[in-house]
Amino acid sequence: MRTRLVALVLLSAAALSACGNSSDDGSTTTVSTETSAEVAPASPADALWGRTFFSTDVSGTPIPGGGPLEVAFPQPGQIAMSAGCNRGVGSVELAGGIVNTGPIATTMMACPGDIAGADKWMTDFFAARPTWKLDAETLTLVSPETTVSLTAKTVTSPDRPVIGTTWVVDTLISPDAVSTSTALETSAPTLTIAENGRATGTTGCNRFNGPAQLGNGTITFGPLVTTHLTCPTDVTEVERAVLAVLDGEVTYAIDADTMKLMRPDGLGLGLRGE
């Protein structure tokens with residue numbers, strides 16, 4: 001019986017020894033057997049996603065037409081670009097400090113005059129797999145023949161304020177399309193919201209005036225009072241489209257000098273600040 005008791009005491013001592021270390025003063029320090037979860041460091045490329053940059057200096061082969069080169073990283077793994085004419089989009093990997101794009105798909109507008117070679121310059125530049133370096137608001141891209149310094153859009157083109165800016169309607173938005181027209185370009189409807197909460201402007205023909213209340217990402221218009229001039233048929237269509245959006249609550253989003261107003265049913269306006 002005594003032999004069994006001694007064995008139990010020895011086992012208990014061994015268990016305590018495994019759970020702690022005794023210090024010189026006789027106290028016991030517990031040693032945790034758990035390992036801390038390691039947090040992977042953020043990738044340097046994470047600082048680029050969601051940002052847009054415009055070239056401020058080009059050394060080496062110049063951009064035909066003068067550019068600027070616009071480079072955007074809309075979301076992880078995607079790149080968009082323009083050198084003054086067509087816009088290109090594609091996939092991108094930024095590991096190892098190299099811009100490695102997949103095939104770049106571009107729009108197909110004709111590029112007149114000096115900018116005719118801008119698209120080829122752009123695709124050739126990225127085909128060369130330039131290196132990249134980000135220093136605060138400055139992105140530097142270096143290919144064997146060209147070095148481009150770009151500055152963040154938030155610095156070169158900060159967001160215009162909703163209030164006090166004169167906004168010019170340049171696109172009409174429907175659930176199926178974003179469109180413009182000669183009538184829209186020539187009539188150039190405007191919108192200005194004052195500090196006192198009044199909206200004024202033109203429909204492209206008639207003038208309007210009424211309340212506009214700003215909310216959290218929303219503007220509530222109306223009712224708006226307009227003049228009653230007779231307008232050409234095509235301008236009347238523009239007027240109807242504009243007034244249809246400036247009626248009740250719409251959401252708004254500003255990106256530099258552009259603003260988009262959208263109704264819940266998918267109708268909206270694209271505007272530029274002046």
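You'll find the structure just up there.
In this report, we go over the structure that sits alongside the text. What you see is a predicted model; the values in this text were computed from it and never measured.

Basis of the calculations
- Residues numbered from 1 in each chain as written.
- Predicted model: local features only at pLDDT ≥ 70, side-chain atom pairs only at ≥ 80, totals over all residues.
- Heavy atoms only, no water.
- Helix = DSSP H or I, 4+ residues; strand = E, 2+ residues; numbered from the N terminus.
- Salt bridge = Lys/Arg side-chain N within 4 Å of Asp/Glu carboxyl O.
- Buried < 20%, exposed > 50% of the residue type's maximum accessible area, 1.4 Å probe, protein only.
- Disulfide = S-S within 2.5 Å.
- Pairing = 2+ DSSP bridges.
- Arc of directions from axis to C-beta.
- Contact = heavy atoms within 4.5 Å.
- Core = buried A, V, L, I, M, F, W, Y, C linked by side-chain atoms within 4.5 Å.

1. A few points about the environment of Cys85
Stage number 1. Its place among the elements puts Cys85 in the loop between strand 5 (78–82) and strand 6 (87–93).
Stage number 2. In the structure, Cys85 is positioned 17 residues away from Pro68 in sequence and 9.8 Å away in space, judged by C-alpha atoms.

2. Quick look at the pattern of salt bridges
Stage number 1. Applying the stated rule across the entire model yields seven salt bridges.
Stage number 2. In this structure, Arg272 and Asp170 form a salt bridge, with 3.9 Å as the shortest nitrogen-oxygen distance. Here Arg272, found in strand 21 (residues 268–273), pairs with Asp170, found in strand 12 (residues 166–173); they are 102 residues apart in sequence, far enough to count as distant.
Stage number 3. Of the residues examined, Asp170 reaches a relative accessible area of 26% and is grouped as partly exposed.
Stage number 4. Counted as one network, the salt bridges with shared partners bring together Asp170, Arg272 and Glu274.

3. Regarding the state of the cysteines
Stage number 1. Within this structure, the stated rule accounts for two disulfides.
Stage number 2. A sulfur-sulfur distance of 1.8 Å marks the disulfide that ties Cys85 to Cys111. Because the torsion about its S-S bond is -90°, the bridge between Cys85 and Cys111 counts as left-handed. Of the two residues, Cys85 is situated in the loop between strand 5 and strand 6 and Cys111 in the loop between strand 8 (105–106) and helix 2 (118–127); the sequence distance between them amounts to 26 residues.
Stage number 3. Since its relative accessible area comes to 13%, Cys85 is described here as buried.

4. Brief notes about the pairing of strand 5
Stage number 1. Where burial is concerned, most of strand 5 is hidden: four out of the five residues are buried.
Stage number 2. Across three bridges, strand 4 (residues 70–73) lies against strand 5 in antiparallel orientation. Pairing of Glu70 across the sheet is with Ser82, part of strand 5.
Stage number 3. The antiparallel pairing of strand 4 with strand 5 creates a hairpin that spans four residues between the two strands, and Gly77 there sits at a positive phi of about 90°.
Stage number 4. As paired elements, strand 5 and strand 6 share five bridges and run antiparallel to each other. When the bridges of strand 6 are listed, Gln78 appears paired with Ser91.
Stage number 5. Once strand 5 ends, the chain turns through four residues before running back antiparallel as strand 6, passing Gly84 with a positive phi of about 125°.

5. Describing helix 2
One turn of the α-helix equals 3.6 residues, which is why residues spaced by three or four share an orientation.
Stage number 1. All of the buried residues in helix 2 are Ala118, Asp119, Trp121, Met122, Phe125 and Phe126. When helix 2 is viewed along its axis, its buried side chains cluster within an angular range of 165° and face the same direction. In this structure, helix 2 carries Lys120 and Ala127 as exposed residues pointing more than 90 degrees from its buried face.
Stage number 2. Note on helix 2: the residue one or two positions beyond its end, Arg129, has a positive phi of about 50°.

6. Some words on the environment of Asp170
Stage number 1. Residues Asp170 and Thr258, spaced 88 residues apart in sequence, show a C-alpha to C-alpha distance of 9.8 Å.
Stage number 2. Setting aside residues no more than four positions away along its own chain, Asp170 makes contact with Ser179, Thr180, Leu184, Gly270, Leu271 and Arg272.

7. Some thoughts on the nonpolar core
Stage number 1. Among the nonpolar cores identified, the biggest contains 24 residues, and Leu69, Phe126 and Leu141 are the most heavily contacted of them.
Stage number 2. Residue assignment for this core shows that the elements contributing at least two residues are strand 4, strand 5, helix 2, strand 10 (138–142) and strand 11 (146–152).
Stage number 3. When residues in this core are grouped by element, the largest group, five residues, is from helix 2.
Stage number 4. Discounting residues that sit within four places of it in the chain, Leu141 has contacts with Val71, Val99, Phe125, Phe126, Pro130, Thr131, Trp132, Thr146, Thr147, Val148 and Leu150.
Stage number 5. One finds Ala183, Ala199, Ala212 and Leu224 within the second-largest nonpolar core, a separate group that totals 23 residues.

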